[in-house]
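Geometric and topological summary
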Amino acid sequence: MQSDGWMTQETVALSGLTRRLEELRGDGHVQLTLMTVTDWLEDGEFEVSYILTDPVLFRTVILGVRIPRETPELPTVSDIWPQAVTYEQEINEMFGIRFEGSPRQGVPFILEGWKDIPPMRRDFDTLKYSVEHYEDRPGRRSIDTRRFVGRVSDEKSFTDAWEPREDDGRERKLADMDGGAAGSDRGETTDE
Amino acid sequence: MQAVLNLDIGYLGLCALSVIGAIAYGLLIGGIIRKVMARIQSRIGPPVWQPYLDVAKLFFQRTSIRHGMMFYLAPVFRTVGGIGIYLLIPIVAGMPGLAGFSFNGDVLLVIYFMFFGCLGMALGAGESGHPHAIIAVSRGLSQMSSYELPFSLALIALVAQVGTFSIGGIIEAQAGGIGNWYLFMNPLAGIAGLLSFLGMQMYSPFNIVLAPQEIPIGPPTEYNSTFLGLMMSGRAIFGVAKSALFMNLFLGGATSIPEAMIKIFVVYMWAVFVGAVFPRFRAEQSVRFFLRWPTWFGLAGIALAMLMKHLAS
Amino acid sequence: MSNDYDVTKETHLWFGPQHPGVTGNMSVELWLKGDTIQRGITHVGYLHRGFEKLMERRTFIQSFPIVCRICVPEPDTNEYLLAKGLEQLGGIYDDVPEKARWIRTLTLEMARLAATLMVLGGQVGSMGLGPVPQWMMTLRDYVLDSFEELSGHRIYHMYIVYGGVRRDLPEGFEGRLEKTLQTIEERLPWIDRLMFENDVFRKRAIGIGYVPPEWVDEMSLSGPIVRAMGIPRDVRKDYPYEVYPELDFDVITEEGSDMFARARVRRREIAQSINLIRQMLADMPKDGPFCLKLPSLMHWRIPKGQTYVRAEASRGEFGYFVVTDGTDKVRRVNVRGPSYVHGVSLLERMLPGTNISDLSSLMVSLQTCPPEIER
């Protein structure tokens, strides 16, 4: 009953990418609606997705191409769709994927003076970055909501959880970081 | 030149008092304008005395910006231009301190003083080095030369009809009832004057110099603290002086202080109400506007003046 | 374009980021000859908060307070799209109750109304006409009051969540919303009079900011920009979602493709939104659940998958590309805001030959919104 047009998903090998895009474009998928990247860290691959739209028959194709994380390079599509320059510029900045022949590669789009690894990659640790680059306000009281979970009904543990902690939040966060293997989100819940 | 020769301390004191009064009145009008605009826009608006507070606050502030001598002098030029033009114009005929240093030919001097303030501003803004200010100066100068054309034409018609270059003489010629006001005696030249007055007051659609959304906010971009306060007072007295000039030329002058205040207020509000309902012209559209209909009206006004003079003789 | 002020030297000018004429925290670097722009580059990055990265580290329900911050004037589209993407991937989209669909559509349309009111006021506001923007902001405030009543918040509602909506309509909400709509309708003729019949506005808007129709497919433009070219393209009609198929409306088009045509489209869309809201208030089912029983907030895991969902915002096509990987967090969310194309590629392409006076009104006309460019 609810339809989103006719959406198909397909993947293509890197060698056939340009040909497939041209094919789809000749088939009526003339609009490049979105170009984006998913980082499959455990597979060691990036998946670049091109979302193409047919504005006449209302069809949508999500065309994915997997490329290795070690050599992230792709041909540009900015000669077909001019606005892809911006997408490619941003992906280049945020994921470190290089687009052959695209203008504005390496030109900062959002970040300024960025020295670290590209920030949208999965292995970029935001908590570590913020601990290294920013300082806690002295006297800052950390309220970790995870301490409430499962025992909010208990009056005493509720007041315990709100007890201001004496230790320095900065050290605690660093300790958390060392201890937590996969949980990179720990202790950051109150930061934003 | 009689008044100029009769200078004494008391007279100067009266003049100083009248300048201060004019600045205060200009600021009050500014406050009323903000209130009126707010009401048009269904807002409550600031209190009418807000400009006094603004100016007082600005005068108590100091700046550490260094741009050069001309940058500092520009607000002074502007204010001096305002005071000069104000002192030349008789506000209330025959009242010491408000009668002005009227003499034959002072109309021309007044026009020069109007240019003088703006030129000083232009030099100062140029030295501030801000590109917005420079764009605004080029806009302002081109707009100024374009609205001075219909204004001068209206003035020529007026002078031709009255036969004197003195503001006092022009006022005397209009004495004796509303029908003698030049606005009704020669409506064509009056319309040219009214339209060019819109350009002079720089409310929209002719506020291309300040143009907050385009080149914020033009020449005063780099100004702050005392300089901005000085410019605000300069603008206040300039507005009063221009309205008074218009009142003298086209609305028959004033014989008492309340009459002068009312007439100045009405003339001021004419520009404000037009500004309330129109967006801003582009720079070249504004220039073209003044060179089209107001100029034709001015020329027709001269023709009408000649005709009337011919018929009268 | 007049070359009255033609000089050989180019002026280098930053238009923003601190500039009253710029729509938000962005800047355009310009090279001018006289008053005419030779070329320009859009710069963003003053507002980057890394929403997409933040969402990768939060559970699904924790993402909702984040997404609504992507668009200040119209946050509901973001909430709806994230909810829809997660529902589709989690396989509960078809179970969303009927009443929730109606309330969602009502919210989306109210958000469109509020945003359109604001941008139409901004259109003349950028040209220095004071009253219209102020009236429009007042009217928008009345709509925000309705939102406050509905969700408890004025700007960021966090009202649409996966499974439905957060709360039912309050008692007597229809009557009060109807009153708001009447207030807006009473003021609209004033706005027509002061804006569309205003000679100065017509002079400045007609023929300025022309977008050629062949750029539409090339750059995948959407929204009022396309509809002002006479091309009836609207996500609500083309990819019908929620209860839009059951409502009676036509896609509004105008001819001319300039700033005036776009303003006309927006003006008529205000009337359209009011009409749609009235239809929804009349046809909405009065009873029934407004939300599914939500999957566990802390432990809902969505199987691996990806989807692209879209909706019509006031600016054009808003899209969310959502990837999940079987955990309780999203793998990747990419927000496709219409301004990403309109504010960067299209604006840069339109800049050469534009007069500097028209730049801010052009940006309002394209409705560039920096938060959705940098996300």
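My aim in this report is to walk through the structure given alongside it, one point at a time. (Residues numbered from 1 in each chain as written. Chains lettered and ligands numbered in written order. Predicted model: local features only at pLDDT ≥ 70, side-chain atom pairs only at ≥ 80, totals over all residues. Heavy atoms only, no water.)

So, about the interface of chain B and chain C. In this assembly, 28 residues from chain B lie in contact with 35 residues from chain C. For the pair chain B and chain C, the summed buried surface comes to about 2,600 Å²; carbon and sulfur atoms form 56% of the total. Among the residues chain B hides against chain C, the three largest losses belong to Q213(B), P279(B) and R282(B). Together they make up 24% of the total. Here chain B and chain C share two salt bridges between them. Residue D358(C) is joined to R282(B) by a salt bridge in which the shortest nitrogen-to-oxygen separation is 2.9 Å. At the junction of chain B and chain C, the tally comes to 11 residue pairs in polar contact (both at pLDDT 80 or more). Every element with two or more residues in the side of chain B that touches chain C is listed here: helix 6 (131-162) and helix 12 (283-291) of chain B. Broken down by class, the residue content of the side of chain B that touches chain C amounts to 14 nonpolar, seven polar and seven charged. (Contact = heavy atoms within 4.5 Å. Buried area = accessible area lost by both parts, 1.4 Å probe. Salt bridge = Lys/Arg side-chain N within 4 Å of Asp/Glu carboxyl O. Polar contact = N/O pair within 3.5 Å; in protein donor to acceptor, adjacent residues only side chain to side chain. Helix = DSSP H or I, 4+ residues; strand = E, 2+ residues; numbered from the N terminus. Nonpolar A, V, L, I, M, F, W, Y, C, P; charged D, E, K, R; others polar.)

All right, on to the pairing of strand 2 (residues 31-40) of chain A then. All names here are of chain A. Of all 10 residues in strand 2, 10 are buried, a share of seventy percent or more. In this structure, strand 2 lies alongside strand 3 (residues 45-54), joined through nine bridges in antiparallel fashion. In the strand pairing of strand 3, T38 is matched with E47. Hairpin remark: strand 2 followed by strand 3, antiparallel, with four residues in the connecting loop; positive phi at G44, about 70 degrees. (Buried < 20%, exposed > 50% of the residue type's maximum accessible area, 1.4 Å probe, protein only. Pairing = 2+ DSSP bridges.)

Residues and elements named next belong to chain C. For the coordinates displayed, the defined rule picks out 53 salt bridges over all chains. Between R227 and E269 there is a salt bridge whose closest N-O contact spans 2.5 Å. Of this pair, R227 sits in helix 9 (residues 224-227) while E269 is found in helix 11 (residues 259-283), placing the two residues 42 residues apart along the sequence. Residue R227 shares its accessibility class with E269, and that shared class is buried. Across the pair E312 and R227 runs a salt bridge, and its minimum N-O distance is 2.9 Å. With a gap of 85 residues between them, E312 in strand 6 (residues 305-312) and R227 in helix 9 connect regions that are remote in the sequence.

Function cannot be inferred from these measures alone, as they are strictly geometric.
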